[in-house]
Amino acid sequence: MNKTRLKDNFIEMVKIYSPSKKEGNYAKYLVTLLTEMGAEIYLDNGNVKYDGDSPTIFAKFAGTVPGDGITFSAHMDVIEPNENLKVIEEGLIIKTDGTTTLGADDKGGVAAVIEAIRTIKEENIAHRDIFAIFTPAEEIGMLGAKNIDWDKVPSHMQPAKNMIVLDNSGTAGTVAHSAPSRYFVKATFSGKKAHAGIEPEKGINAILMAAEALSNMNIGRIDQLTTSNFSSIKSDFPTNVVPDACEFTGEIRSHSEEKIMEIIKEYEKAIKSATEKFGGSYKLEYVCEFPVLKPLDDLKFAKEFAKIYEEMGIESKLIVIGGGSDSNIFAQKGFNSIILAVGMNNVHTVEEYMALEDLYKTTEALIKYIEKNI
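Here, residues in each chain are numbered from 1, in the same order as that chain's written sequence. For a predicted model such as this one, the threshold for reporting local features is a pLDDT of at least 70, and the threshold for listing and counting side-chain atom pairs is 80 or more; totals across whole chains, interfaces and linings nevertheless cover every residue. The side-chain figures draw on all heavy atoms in the structure; neither hydrogens nor water molecules are used.

J.: Explain the sheet that holds strand β11 (residues 226-234) to me, using residue names and the numbers behind them.
T.: The strand order β10-β11-β12-β9-β13 describes an open sheet built from five strands, whose pairing is antiparallel. The outermost strands of the open sheet, each flanked by one partner alone, are β10 (220-223) and β13 (281-290). Adjacent strand axes in the sheet meet at a mean angle of 20 degrees, parallel and antiparallel pairs treated alike. Relative to β11, β10 runs antiparallel, the two being bridged by three bridges. Any two strands are treated as partners once DSSP identifies two or more bridges connecting them. Only DSSP runs of H or I covering at least 4 residues are called helices, and only runs of E covering at least 2 are called strands; the numbering of each starts at the N terminus. Working convention: axes come from line fits to C-alpha atoms, limited for helices to the stretch in contact. Angles between N-to-C directions cover 0 to 180 degrees.

J.: Run through empty space enclosed by the protein, naming residues and quoting values.
T.: Put plainly, a pocket is an open set of points on a 1 Å grid over the protein atoms alone with protein on both sides within 12 Å along at least five of seven lines, a cavity is a set where a 1.4 Å probe fits but cannot get out, and a lining residue has an atom within 4 Å of a point. Grid points are joined across faces, edges and corners, and a volume is the space filled by probe spheres set on the points. Applying the stated criterion to the full structure yields one cavity of 30 Å³ or more. Approximately 30 Å³ is the volume found for the largest cavity. Under the scheme applied here, ten amino acids are nonpolar (Ala, Val, Leu, Ile, Met, Phe, Trp, Tyr, Cys and Pro), four are charged (Asp, Glu, Lys and Arg), and all others, including Gly, are polar. Class assignment of the residues belonging to the lining of the largest cavity gives a composition of four nonpolar, three polar and two charged.

J.: Which residues make up the layout of surface pockets, and what values do they have?
T.: Within this model, the largest pocket holds a volume of roughly 240 Å³. Asp105, Asp167, Asn168, Gly324 and Val347 are, among the 15 residues lining the largest pocket, the residues nearest its centre. Its residues assigned to classes, the lining of the largest pocket shows four nonpolar, seven polar and four charged. Taken together, Glu138, Glu139, Ile140, Gly141, Met142, Arg182, Arg253, Phe290, Gly323, Gly324 and His348 make up the full set of residues lining the second largest pocket.

J.: How would you sum up the side chain of Lys107? Please name residues and give values.
T.: Relative to the helices and strands, Lys107 is located in helix α3 (residues 104-122). Among buried Asp, Glu, Lys and Arg side chains, Lys107 stands out as unpaired, with Asp77 the closest opposite charge at 9.3 Å. What makes two residues a contact is simply this: any of their non-hydrogen atoms within 4.5 Å. Discounting residues that sit within four places of it in the chain, Lys107 has contacts with Phe10, Met13, Val14, Ile16, Ser18, Tyr26, Met76 and Val78. The buried label applies to any residue whose accessible area, calculated with a 1.4 Å probe on protein chains only, is under 20% of its type's maximum; exposed applies above 50%, and partly exposed to all values in between. The charge count includes Lys and Arg as positive and Asp and Glu as negative, but it does not include His or the ends of the chains. Each salt bridge in this description consists of a side-chain nitrogen of Lys or Arg and a carboxyl oxygen of Asp or Glu lying within 4 Å of one another.

J.: Break down the pattern of salt bridges for me, with residues and values.
T.: By the definition in use, this model includes 16 salt bridges. For Arg5, the salt bridge is made with Glu122, and the minimal N-O distance between the two is 2.6 Å. Of this pair, Arg5 sits in helix α1 (residues 3-14) while Glu122 sits in helix α3, and the two are 117 residues apart along the sequence. Residue classification places Glu122 among the partly exposed residues on the basis of a relative accessible area of 48%. The salt bridge partner of Lys372 is Glu311, with a shortest N-O separation of 3.1 Å. Placement of Lys372 in helix α9 (residues 356-372) and of Glu311 in helix α7 (residues 300-311) is noted, with a sequence separation of 61 residues between them. When salt bridges with common partners are traced through the structure, they connect Arg182, Glu251, Arg253 and Glu289 into a single cluster.

J.: Break down the packing of aromatic side chains for me, citing the residues and quoting the values.
T.: Between the rings of Phe, Tyr and Trp (Trp by its six-membered ring), a pair exists once the centres lie within 6.5 Å; its type follows the angle of the planes, with under 30 degrees stacked, over 60 edge-to-face, and the other angles tilted. Following the criterion strictly, the structure yields 12 aromatic pairs and no others. Their ring planes at 80 degrees and their centres at 6.3 Å tell us that Trp150 and Phe330 sit as a pair that is edge-to-face. Of this pair, Trp150 sits in the loop between α4 (143-146) and β7 (162-168) while Phe330 is found in helix α8 (residues 326-331), placing the two residues 180 residues apart along the sequence. Of the two residues examined, Trp150 and Phe330, each falls in the buried class.

Here it is, written out as structure tokens:
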């Protein structure tokens, strides 16, 4: 591979402003680049469902040998603040001046995919079909991946089921194979208004009900693979009014959806008990934001890729992660995903940086995998 080109392409891409739902210019850049590289392009317009300006990009590089191919995936959107970023190079580190994010999450992943495919094509290396999916709006709930209309994707553009997602922080050699499901939870409490100074005893305080419920709910680390967190509570009334409405919202994550449902039932018990104690009522809502990601082949794919790293002299680690990504959404469609680290660090902060050496190593590993997967 061409390290200088990879670095320059990465820097060029992070300078293209592409926050969630406004990735249009970056998508046009990628479509032009992928077309010049010889890709067949299909654009899914699921973005119209959530008012985004960028389609999901499907690219196919037809194989020179038969057999199941490989699919790469990365997302196009970045975390704010990201506009007018200033790139600073310090040896093998690329960062900003500290006033914006860098966008290495996930333009590091995109750059790795682009350089790996470029190298394969330029060196005329025999390969099976190579697919790439670049999604918008990943950072705000995987909206691009969630809204793909798979029935409209042409049959010859349907990607290979083994998928490498380039969207993990940390050092090269890290291979994530499992990630939890996440449920959004909202509890709404209804009480009764009264004048807080004249006749408070006639009121039913919704905030007290919410506080009572929360105090009896198991929140935080539930077990090794399960967590919960409540981060928002809302009730806005004058101090002279007993509040009759309050809500709190949060999430539950687990590698077992059965465990999530068990926790929700326990939460509802605490919520119901609190409302009965004060004489109010409640409404509990919950929805799955993304499903569990689990290997479909008893870790065969993950171990194959880990071996690539080991053959390069890089220590590999098979890990379970606590965050979600597009890979969780693709799992619903039968994709068998692994998630690789590309050297992004301190993501979602203005201290974000790219460790180029890790980017180079993972890109080289992609090339070696394509070479061997024939």
